[in-house]
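Residues per chain are reported as follows:
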Amino acid sequence: MAETPRDARIDRRSFLALAGASAAAAIVGCDSYGSRFQPALATAERGNERVERLLFRHRSEDRIPGGARLTGNAFPQYFVSDTVPMWDEATRGVWRLEVSGAVRRPLSLSLDDLTKLPRVAQSVDHFCVEGWTARAQWIGVRVSELARAVGITNDAQYVDFQSFDSNYHESWDMASAMHHQTLVAYAMDGRYLGAGHGAPARVHSPVKLGYKNTKYLTRVVFMPARNGGYWSDQGYEWYAGT
Amino acid sequence: MTLTKRTHWIVRVTHWINVIALPLMVASGLRIFNAYPAFARKGETFCCYPFAHKPIPAALTLGGWLAGGRHWHFAVMWILVVNALVYLGFIYLHGEWRELAPHRGDAHRAWEMIEFYAFRLKKHPHQGKHNALQKTAYFAMPIVAAIIVLSGIAIWKPVQLHWLTVLFGGYVWARYTHFVAMVLLVLLVLGHVFMVFAVDPYSLRSMVTGWYDEDQSPEARNARPFYHLLPRRKSLAAESHLPKV
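Now for a quick tour of the structure. (Residues numbered from 1 in each chain as written. Chains lettered and ligands numbered in written order. Predicted model: local features only at pLDDT ≥ 70, side-chain atom pairs only at ≥ 80, totals over all residues.)

## What about the environment of R46 of chain A?
Filter applied, for reference: Numbering of helices and strands runs from the N terminus, with a helix taken as a DSSP run of H or I at least four residues long and a strand as a DSSP run of E at least two residues long.
Within the secondary structure, R46 of chain A sits in helix 2 (residues 38–55). The sequence separation of R46 of chain A and W95 of chain A amounts to 49 residues, and the corresponding C-alpha distance is 37 Å.

## Thoughts on the packing of helix 1 (residues 9–33) of chain B against helix 2 (residues 66–94) of chain B
Residues and elements named next belong to chain B. Counted only if it meets this: For helices, the fitted axis covers only the stretch in contact; all axes are lines through C-alpha atoms, and the angles between them, taken along N-to-C directions, range from 0 to 180 degrees. Under this scheme an angle from 65 to 115 degrees is roughly perpendicular, one under 35 degrees roughly parallel, and one over 145 degrees roughly antiparallel; angles in between are oblique. We call a crossing left-handed when the near helix sits turned anticlockwise from the far one by less than a right angle, and right-handed when that turn is clockwise. When residues are grouped by polarity, Ala, Val, Leu, Ile, Met, Phe, Trp, Tyr, Cys and Pro land in nonpolar, Asp, Glu, Lys and Arg in charged, and all others, Gly among them, in polar.
Where helix 1 meets helix 2, the axes come as close as 8 Å, and the angle between the chain directions of the two elements is 155°. Taken together, the axis directions place helix 1 and helix 2 in an arrangement best described as roughly antiparallel. Helix 2 is crossed by helix 1, and the crossing has left-handed handedness. In the contact of helix 1 with helix 2, the residues fall into 17 nonpolar, 7 polar and 2 charged.

## Considerations on helix 1 of chain B
We count it as follows: Working rule for helices: expected span equals 1.5 Å times residues minus one. In this scheme the burial state of a residue depends on its C-beta neighbours within 10 Å: 20 or more other such atoms mean buried, 12 or fewer mean exposed, and anything in between means partly exposed; the C-beta positions come from the backbone.
In this model, helix 1 of chain B (25 residues) spans 35 Å end to end at C-alpha, consistent with the 36 Å of a helix rising 1.5 Å per residue. Taken together, the buried positions of helix 1 of chain B are T14, L24, M25, V26, A27, S28, G29, L30, R31, I32 and F33 of chain B.

## Quick notes on the interface of chain B and chain A
Applied cut-off: C-beta atoms are placed from the backbone for every residue, and two residues are taken to be in contact when these atoms lie within 7 Å.
Of the residues lining the interface, 35 residues belong to chain B; the matching set on chain A comes to 41 residues. Listed by contribution, the elements that provide at least two residues to the side of chain B that touches chain A are helix 1, helix 2 and helix 6 (171–198) of chain B. Per-element accounting of the side of chain B that touches chain A gives the leading share, 9 residues, to helix 2 of chain B. Grouping the amino acids of the side of chain B that touches chain A by side-chain chemistry returns 22 nonpolar, 8 polar and 5 charged.

## Points about unusual backbone geometry
Negative phi values dominate among residues other than glycine, just as trans dominates among peptide bonds. All names here are of chain A. Cis geometry is adopted by the peptide bond preceding P200, which originates at A199 and carries an omega value of 5°. Position of P200 relative to the elements: it lies in the loop between strand 8 (191–192) and strand 9 (202–204). One non-glycine residue, S166, lies in positive phi territory at about 50°. Note that S166 resides in the loop between strand 5 (158–163) and strand 6 (169–173). With 13 C-beta atoms counted inside 10 Å, the residue S166 sits in the partly exposed group. With phi around 50°, D189 is a residue other than glycine that occupies positive phi space. Mapping D189 onto the fold places it in the loop between strand 7 (183–188) and strand 8. Given 18 C-beta atoms within a 10 Å radius, D189 is considered partly exposed.

## Comments concerning the environment of D62 of chain A
Tracing the backbone through its elements, the reader meets D62 of chain A in the loop between helix 2 and helix 3 (89–92). When sequence neighbours within four positions are dropped, the list of residues in contact with D62 of chain A reads V124, D125, Q181 and P206 of chain A together with V159 and H162 of chain B.

## Focus: the sheet that holds strand 1 (residues 96–101) of chain A
Residue and element names in this part refer to chain A. Basically, it comes down to this: Strands qualify as paired when DSSP identifies two bridges or more between them.
With respect to topology, 5 strands assemble into an open sheet ordered 2-1-10-5-6, the strand pairing being mixed. At either end of the open sheet lies a strand with only one pairing partner, and these are strand 2 (107–110) and strand 6. Taking each pair of neighbouring strands and ignoring which way they run, the sheet shows an average axis angle of 15°.

## As for the pairing of strand 7 of chain A
All names here are of chain A. Among the 6 residues in strand 7, 6 count as buried, and that is most of the element. Strand direction decides the pairing type here: strand 4 (residues 133–142) and strand 7, joined by 5 bridges, are antiparallel. Looking at strand 7, one finds that G140 is bridged to A185. Relative to strand 9, strand 7 runs antiparallel, the two being bridged by 3 bridges. In the sheet register, A185 faces strand 9, and the bridge partner there is R202. The pairing of strand 7 with strand 8 spans 2 bridges and is antiparallel. Across the sheet, M188 pairs through a bridge with R191, a residue of strand 8.

Structure follows, in structure tokens:
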């Protein structure tokens, strides 16, 4: 071999070593979401949302094996307020669920009204963003049933589920909200919801990660545009489908 | 010096992309894992992970918090998947897969390598481009990687791709498979890197420039880990007629 190309190769090698080292330093140097990589990561998230919407099937279904045991008391309780959020009838009056927004006939439903609507009971998984899962039986009304009852308009492209747990809310794409396993649930494992699980009513669906399932529900608002959410606004994925 | 062109540029580029992207993927995955460093479904026990609820040291993680780890993980996964498809497509179309696919007698040849490394054989077994242990490792890596990708998709989409999750035995086992296969891949990579530096550092040149000096191959040097790392006198002598650099 002639000497010159060999020298050129060594130069290229040192160049690559240098490039590799600086890339590693840049990556290690800042590792949080609010870093210089944020734009690239945000682009990837938008791309992933497109993929997730493509993968979404209306007929998809979460099934747990027959006879599988439910999580029961070990089902984690979770809320963002400092103390367990409880609806105080003395100051706030009787709890009602408002179903409104891009609809023809807005509704305000008492818990009693809710229980008189067509009811669904389903035992499904709960997928937490942290990586754990739990199983429970939920009884409630399909969000698609509520949508039918209020007569959603063409403007209803997203749904915001709002709560009385501080300012907690999460908005959903219409397809996931209209999935047949997406419920406004008022009972868990055969009992009315406890204070730790979102009483008097909450969203529950296996098609979204846990944090999208707003508890302590007060309003279901159909919207022409997405409205972010408590965790989505802090940097968690907005779509968060399973 | 007997320089031969050994590593195609596509193999070199995909290799170095892996070197950068794989640590990012592992570190962000460990950050996600730390949000729940256990495998049991809530209220249940899990047979096969003795370190439950012991988080991975933060220094080994990437993303800062769970959401950050997830953003890294779900971005870098595309780089790695596309990179792997380019590599696999190339070695399939270009024929390099033949140098990695197992052949009759490989188990015997791998055992001979172990005997050689254990000083029970004096002479380095004859080999082609890779020795039988290397071949096994390089053949296993894409298979383990495929298991990681599939089990990863299974825990990303346990409802929409329910059938895939079921294939891994459900969400808990899919997540465990994802983790264990990652550990296996990391061990293969660490073994690979150790052997490169301990036995054949000259192969670094071929992974950068493509050129490899056959006179410095482990077989030519009769090299074991940390033995005969320097070029042998004979090959130096053979080179001595060349002008000094």
